[in-house]
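Coordinates in review
Single-letter residue listing:
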Amino acid sequence: MSSRIELLNAGLLRSDGRRPYELRTLSINFGAQGTADGSVTYSHGLTEVRVAVLGPHEPKAGSRRETLHDRATLNVEVQLAPFGVGERRRRGRGDKRLLELASTIKSTFEPVVQTHLYPRSIIDIFIHVLQLDGGLLPACINGSTLALATAGIPLFDFVCAIAGGVHGTQPLLDLTTVEENDIPSVVVGVMPRTGRVTLVQMETRLHMDRFEDVFRVACDAGKVLWSEMRDALRERTGDLVDALEAGPGMAVAKEEVET
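Here the structure is a predicted model, which means the values were calculated and not measured. (Residues numbered from 1 in each chain as written. Predicted model: local features only at pLDDT ≥ 70, side-chain atom pairs only at ≥ 80, totals over all residues. Heavy atoms only, no water.)

**Quick word on the overall build of the protein chain**
Our working rule: In this description a helix means any DSSP run of H or I spanning at least four residues, a strand means any run of E spanning at least two, and both kinds are numbered starting from the N terminus. Between buried and exposed lies partly exposed: a residue is buried under 20% and exposed over 50% of the maximum accessible area for its type, with that area taken using a 1.4 Å probe on protein chains only. When checking whether two residues touch, look at their non-hydrogen atoms; a contact exists if any pair is within 4.5 Å.
The number of helices and strands found in the protein chain is 5 helices and 9 strands. Mapped in sequence order, the helices and strands of the protein chain form the string β-β-β-β-α-β-α-β-β-α-β-β-α-α. The proportion of buried residues among the 259 residues of the protein chain is 46%. Excluding contacts between residues fewer than 6 apart, the proportion of contacts in the protein chain whose partners are at least 24 apart in sequence is 66%.

**With respect to the environment of Ser121**
Mapped onto the elements, Ser121 comes out in the loop between α1 (96-109) and β5 (122-131). With a relative accessible area of 8%, Ser121 lands in the buried category. Counting along the chain gives 48 residues from Ser121 to Thr73, while the straight-line C-alpha distance between them is 6.3 Å. Once residues within four sequence positions are removed from consideration, Ser121 is found in contact with Pro56, His57, Ala72 and Thr73.

**Some points on the packing of aromatic side chains**
How two aromatic rings sit relative to each other is given by the distance of their centres and the angle of their planes. As a reminder of what qualifies: Paired rings are identified among Phe, Tyr and Trp, the last through its six-membered ring, by centres lying within 6.5 Å, and are further divided according to the angle between planes into stacked (under 30 degrees), edge-to-face (over 60) and tilted (the rest). Charge-over-ring contacts are defined here by two conditions on Lys NZ or Arg CZ: a distance within 6 Å of the ring centre and an angle within 35 degrees of the ring normal.
The full count for this structure, using the stated rule, is 1 aromatic pair. Centroid distance Phe211 to Phe215: 5.7 Å. Interplanar angle 25°. Geometry classified as stacked. Of this pair, Phe211 and Phe215 both sit in helix α4 (residues 208-246), 4 residues apart, roughly one helical turn. Overall, the relative accessible area of 25% leaves Phe215 in the partly exposed class. Above the face of the Trp226 ring, Arg230 is positioned so that its terminal group lies 4.4 Å from the ring centre.

**Some remarks on α4**
As a reminder, the rule being used: For a helix, the expected span equals 1.5 Å multiplied by the residue count minus one.
Here α4 spans 57 Å end to end across 39 residues, near enough to the 57 Å set by a 1.5 Å rise per residue. Trailing α4 by a residue or two, Gly247 shows a phi angle of about 125°, which is positive.

**Thoughts on a nonpolar patch on the surface**
As a reminder, the rule being used: Like charges within 9 Å and nonpolar side chains (Val, Leu, Ile, Met, Phe, Trp, Tyr) within 5 Å are joined into patches, using only residues over 30% in relative accessible area that form no salt bridge. The accessible surface values rely on the Shrake-Rupley method and a 1.4 Å probe; as for residues, cover is taken only from the protein chains in view. Should a side-chain nitrogen of Lys or Arg be within 4 Å of a carboxyl oxygen of Asp or Glu, the pair is scored as a salt bridge.
Taken together, the side chains of Val197, Val200 and Met202 present a nonpolar region at the surface, about 220 Å² in accessible area. For Val197, the location among the structural elements is in strand β9 (residues 196-201).

**A closer look at the nonpolar core**
Soluble globular proteins tend to bury their nonpolar side chains together. This is how the line gets drawn: In this text, buried Ala, Val, Leu, Ile, Met, Phe, Trp, Tyr and Cys residues form a nonpolar core when linked through side-chain atoms within 4.5 Å.
Ranked by internal contacts, the top residues of the largest apolar core, which has 59 residues, are Val49, Val78, Ile105, Ile127 and Leu148. Non-local contacts of Leu148, meaning those with residues more than four positions away in its chain, are made with Val53, Phe109, Val113, Ile123, Ile125, Ile153 and Leu155. One finds Leu7, Leu8, Leu175 and Ile183 within the second-largest nonpolar core, a separate group that totals 5 residues.

**Things to note about the sheet that holds strand β7 (residues 170-173)**
Put simply, the rule is: At least two bridges found by DSSP between two strands are what make those strands a pair. Simply put, an axis is a line fit to the C-alpha atoms, just over the touching stretch for a helix, and the angle between two N-to-C directions goes from 0 to 180 degrees.
Taken together, the 4 strands give an open sheet; going across it, the order is β7-β6-β8-β9, and neighbouring strands pair in antiparallel fashion. A single partner strand is all that each edge strand has here, and the edge strands are β7 and β9. In this sheet, neighbouring strand axes are inclined to one another by 25° on average, regardless of whether the strands run parallel or antiparallel. Bridging between strand β6 (residues 160-167) and strand β8 (residues 185-191) involves 6 bridges; their strand directions are antiparallel. Across the sheet, residue Ile162 finds its bridge partner in β8, namely Val188.

Written as structure tokens, this is what we have:
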């Protein structure tokens, strides 16, 4: 169903005032969450997700058959906060859409996480969607990358994802919900250091000639996201080093302030 909102005006400004290739504001908060080994609250525009990583750890009693003898098993769970989604329908853990989302995230990170270092163990990735305005899958992937790095789990590279689409003949980056519902789109996940692509997902038809344009600008946007995510992680690491050098009490105080 087409939207009545003008997605792109004659001045090449989108409905929220951005240029076609302009990304929304990015916010990263590394506050501690319970017993999680690594956690982050990742916001991209009005889309906000909270990711917690636990592990690697031994499987619970009765679930050892699910582990692999030569590498760790990734377990991904996604939940939607009822107050953060525009639809009235309540989605539980068994919702088909959430299961597909979790499966996509798992397959994206399986070649990235160095699972061979942790045989017969499990790494849990819990994602809680607090607010949604387009770009859900990219936000979950980017937040998971940061949470895994914070947990100290070795990665071959970052995974930086972004959604792109085409309005007429003009490629657009970082789509909102209105744009996702109105134009053909694709989600691209790249590994910036190696230049490899670990995810390409399309749920709508996109002409082959337009796909190349969108794919190219999405890969470039992934490098921009990598720079922002890398800088945030370096700042977090520097703060922890400073806090540890100042003493245990200061380290605990630093965690409480960020929370």
